[in-house]
Amino acid sequence: MSDAVNNPLLAPPSLPYDLPPYGSIAVEHYLPAFHAAFAAQRAEVDGITAQTAEPTFENTLIRLERSGELLDRVARTFYTVASADGTPEIQAVEEELAPLMSAHRDAIQLDADLFARIAAVHAQLDDLDLDAESRYLVERYHREMSLAGAGLDDAQKRTLTELNQRLSVLTTTFEKNLLADTNELAVVFDSADELDGLSEGELSAAAQAATSRGLDGRYVVNLTLYTGHPLLASLTNRESRRRLLGASRSRATRGNDNDNRAVLREIVRLRAERAAVLGYPSHAAAVLADQTAGSPDAARDLLRRLSTPAAANARAEQEALQRIAEADGIRIEAHDWAFYTEKVRAERYDLDRAALRPWFEAERVLRDGVFFAAEELYGIRMAERHDLQGYHPDVRVFEVHNADGSELGLFLLDLYTRDSKRGGAWMNSIVTQSALRGTAPVVVNNLNVNKPAPGTPTLLTLDEVTTLFHEFGHALHGLFATVTYPHFGGTAVYRDFVEFPSQVNEMWILWPEILTNYARHIDTDAPLPADVVERLHASEAFNQGFATSEYLAASWIDQAWHGLSVAEASADIDVAAFEAEALADIGLDNPAVPTRYASTYFAHVFSGGYSAGYYSYIWSEVLDADTVEWFRENGGLTRENGDRFRQRLLGVGGSGDPLAAYRDFRGRDAEIRPLLERRGLAG
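Calculation rules
Residues numbered from 1 in each chain as written. Predicted model: local features only at pLDDT ≥ 70, side-chain atom pairs only at ≥ 80, totals over all residues. Heavy atoms only, no water. Helix = DSSP H or I, 4+ residues; strand = E, 2+ residues; numbered from the N terminus. Rg over C-alpha atoms; globule rule 2.2 N^0.38 Å. Buried < 20%, exposed > 50% of the residue type's maximum accessible area, 1.4 Å probe, protein only. Contact = heavy atoms within 4.5 Å. Areas by Shrake-Rupley, 256 points an atom, 1.4 Å probe, with all protein chains shown as cover. Lys, Arg positive; Asp, Glu negative; His and termini not counted. Charge placed at Lys NZ, Arg CZ, Asp CG, Glu CD. Pairing = 2+ DSSP bridges. Axes fitted to C-alpha atoms, helices over the stretch in contact; angles between N-to-C directions. Parallel < 35°, antiparallel > 145°, perpendicular 65-115°, else oblique. Left-handed = near helix turned anticlockwise from the far one by under 90°. Nonpolar A, V, L, I, M, F, W, Y, C, P; charged D, E, K, R; others polar. Core = buried A, V, L, I, M, F, W, Y, C linked by side-chain atoms within 4.5 Å. Polar contact = N/O pair within 3.5 Å; in protein donor to acceptor, adjacent residues only side chain to side chain.

**Digging into the overall build of the chain**
Link 1 in the chain: In terms of regular secondary structure, the chain is built from 26 helices and seven strands.
Link 2 in the chain: Its C-alpha atoms give the chain a radius of gyration of 25 Å, within 12% of the compact-globule value 26 Å for 683 residues.
Link 3 in the chain: Its C-alpha atoms give the chain principal-axis dimensions of about 80 × 60 × 55 Å.
Link 4 in the chain: Here the chain holds 683 residues, and 57% of them are scored as buried.
Link 5 in the chain: Sequence-distant contacts, at least 24 apart, represent 75% of the contacts inside the chain between residues at least 6 apart.
Link 6 in the chain: Approximately 26,600 Å² of the chain is accessible, and the part contributed by carbon and sulfur atoms is 49%.
Link 7 in the chain: Averaging the coordinates of the 64 positive side-chain charges in the chain and doing the same for the 102 negative ones gives two points 2 Å apart.

Next up, the structure:
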């Protein structure tokens, strides 16, 4: 089954934009394809290092960039499925694959002969006649391989390889445990009375979730990735709220096979050991050495600067909630916050966000909101391709064209939650654009919206609308990046810069000409009333003390774990006690405001790519808020503005210094004032 005749993964791409032939791919095709792809790239790299000719940009860097095309194609195809439709069979492949991928990556990154050739080209860089992107490619390869340990001795490299392989297994285990426990802890309710306060559509989704589990006549509420849950704002039954939040916070801590505490402790220890081998005092120091922040101190200084006013604002918000809760004889606890927040919002702004859902029908939000904003700003056009198949029946495929009618790429949307999909929302690339390879982008957005019963419209919350716009901002970044070298394709930028374009795209949600186009009542087609829009704007800073505090708390926990030395990480750490101490250290230990992610379900940092980097969201938001101000000052939603943002920033991809690209777009460095004002932290 491993040859190209029988394995569709090894056959040359035949579908538009090199979309994988998902309908023809079986689980048993993946591992043989990976083994063939590993061997192919290893042979390609060996061909580079076996040369007797002096190292040049063409015979070393260009050949390295051309290598691994098969592996890139197979890996992107597989990992798209593994995250969005991780069946037990796919998970078994992923577990077997993890150490193999790690070993292959290390074999190239730590190759002394390859590094010597790159170092030789790097040494003569100023004498070479290279364009800016080519020069940056040499600089990045030299730095990345240096930071990975390519200059270490053989014994140290063996240690690194062993550590990396073990870590690859552990992070895969962490995600598998979390998915399993999240599914097991979905909360089952016996009657609709327990879910009083939910809309008809929300009840329908809960009933559909129960039916899919063989629990006809009951109701199931699936957990979200983060600590809270959208339904906590609506549930009138306090016990139901308590059960829902309690289930969320107990994930992977119950002493069963899915318990992640020992897993994450070992991850932390091994990451600290790896950092020490590389010459860094902590994992955070190793990671941030190659980010725009530059050091853990810079990231932590920002977090501390924001934490004091955020905690104060949260306490003031809590006092306002308590005044209303006292009428019900309730002392505000974490599971009450969202419910009483909506009561205060209604009292202060005459605004019921849950009642807005009939104006946010998913298809209309997508086509007349998300797509429309991009079409107006960038001139692109989106057309659904029913003839192209995704990796799951729920996946939809859209072809994207530029304003001049030229082909740009494909966009795939996977909207609904399912037990085989990991939590949260994300974008990934199946194919990245590269002039060298002649490839065009294929990008995917994944959300976890509850799927209603057949024939029932999907009505989104305002938070889900925000997520849809946010993730499409990532998609635009992946679609617009226009580079020569695959190393820089798509969203291959610094981790603490990657959230910037997606956060900017959220600005269009309430932009007048966008909002009036998509926010139409499902039954009457009436636009969202102007007075409601005014109240939404007036309430934008409302509850920001809570929102900022829960986010900063998670960011600080990430920094605390990954700031440990080898000796500190080797101690017998009590996970709950460690978190409590970290939150007390930064003054975010309010029991009513739990951290957005606790350690055992903090997938971003223990199974994703954000280890020591969760601060990136607020770091990027400094740029985002400053950019929103620029758009407002320069006429807003215009093609001229969109073209400037696309050409000078999004189109750069990873092919240059992102902060230099920002200065080119903005005309100066970003200022923090707009962020402080947005989050109610100024003054």
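On we go from here.
**Observations concerning the pairing of strand E4 (residues 396–401)**
Where a strand is regular, its side chains alternate between the two sheet faces.
Link 1 in the chain: Alignment of strand E3 (residues 381–384) against E4, held across four bridges, turns out to be antiparallel. Bridge pairing links Arg381 to His401 in E4.
Link 2 in the chain: Of the strand pairs in this sheet, E4 and strand E5 (residues 407–416) are connected by six bridges, and their pairing is antiparallel. Its bridge partner lying in E5, Arg396 is registered against Leu413.

**Some remarks on the packing of helix H5 (residues 112–123) against helix H6 (residues 132–148)**
Describing two packed helices takes the angle between their axes plus the distance from one axis to the other.
Link 1 in the chain: In contact at an axis separation of 9 Å, H5 and H6 are set at 135° when each is read in the N-to-C sense. Put simply, H5 runs oblique to H6. In the crossing of H5 with H6, the sense of the turn from one axis to the other is left-handed. Along the contact surface, H5 presents Leu114, Phe115, Ile118, Ala119, Val121 and His122, while H6 presents Val138, Glu139, Tyr141, His142, Met145 and Ser146.
Link 2 in the chain: Looking at the contact of H5 with H6, its residues break down into eight nonpolar, three polar and one charged.

**Remarks on the environment of Leu623**
Link 1 in the chain: Here Leu623 is to be found in helix H23 (residues 616–633).
Link 2 in the chain: Residue Leu623 is classed as buried on the basis of its relative accessible area, which comes to 8%.
Link 3 in the chain: Sequence-wise, Leu623 and Leu659 are 36 residues apart; in three dimensions their C-alpha atoms are separated by 9.4 Å.
Link 4 in the chain: Excluding residues within four positions of it along the chain, Leu623 makes contact with Phe497, Phe500, Leu659, Tyr662 and Ala670.

**Some thoughts on the nonpolar core**
Link 1 in the chain: Counting residues in each nonpolar core, the largest one holds 163 residues, and the members touching the most others are Phe360, Phe411, Phe469, Trp508, Tyr518 and Trp561.
Link 2 in the chain: Sequence-distant contacts of Trp561, defined by excluding residues within four places in its chain, comprise Leu264, Val268, Ile573, Val575, Phe578, Ser599 and Phe606.
Link 3 in the chain: Leu9, Phe34, Val81 and Val93 belong to the second-largest nonpolar core, a separate cluster that totals 34 residues.

**A short note on the environment of Thr439**
Link 1 in the chain: Its location among the elements puts Thr439 in the loop between strand E6 (426–431) and strand E7 (442–449).
Link 2 in the chain: Judged by relative accessible area, Thr439 falls into the buried class, the value being 13%.
Link 3 in the chain: Expressed as a C-alpha distance, the spacing of Thr439 and Leu388, which sit 51 residues apart in the sequence, is 18 Å.
Link 4 in the chain: Residues in contact with Thr439, not counting those within four places in the same chain, are Asp18, Glu69, Val431, Thr432, Gln433 and Ser434.
Link 5 in the chain: Separated by 2.8 Å, the side chain of Thr439 and the backbone oxygen of Thr432 make a polar contact.

**Some details on unusual backbone geometry**
Link 1 in the chain: A positive phi angle, near 60°, is found at Asp18, a position not held by glycine.
Link 2 in the chain: Structurally, the position occupied by Asp18 is in the segment before helix H1 (30–49).
Link 3 in the chain: Judged by relative accessible area, which is 26%, Asp18 ranks as partly exposed.
Link 4 in the chain: The residue Ala252 is not glycine, and still its phi comes out positive at about 60°.
Link 5 in the chain: Tracing the backbone shows Ala252 in the loop between helix H9 (238–249) and helix H10 (261–277).

**A few points about the side chain of Thr171**
Link 1 in the chain: Inspection of the secondary structure puts Thr171 in helix H7 (residues 154–184).
Link 2 in the chain: What Thr171 contacts, discounting residues up to four positions off in sequence, is Ile267, Arg271, Phe606 and Ser607.

**Here we look at the pairing of E7**
Link 1 in the chain: Counting buried positions along E7 gives seven out of eight residues, so the element sits mostly inside the fold.
Link 2 in the chain: Of the strand pairs in this sheet, E5 and E7 are connected by six bridges, and their pairing is parallel. Across the sheet, Leu412 pairs through a bridge with Val444, a residue of E7.
Link 3 in the chain: The pairing of E6 with E7 spans five bridges and is antiparallel. Bridge pairing in E7 links Val431 to Val442.

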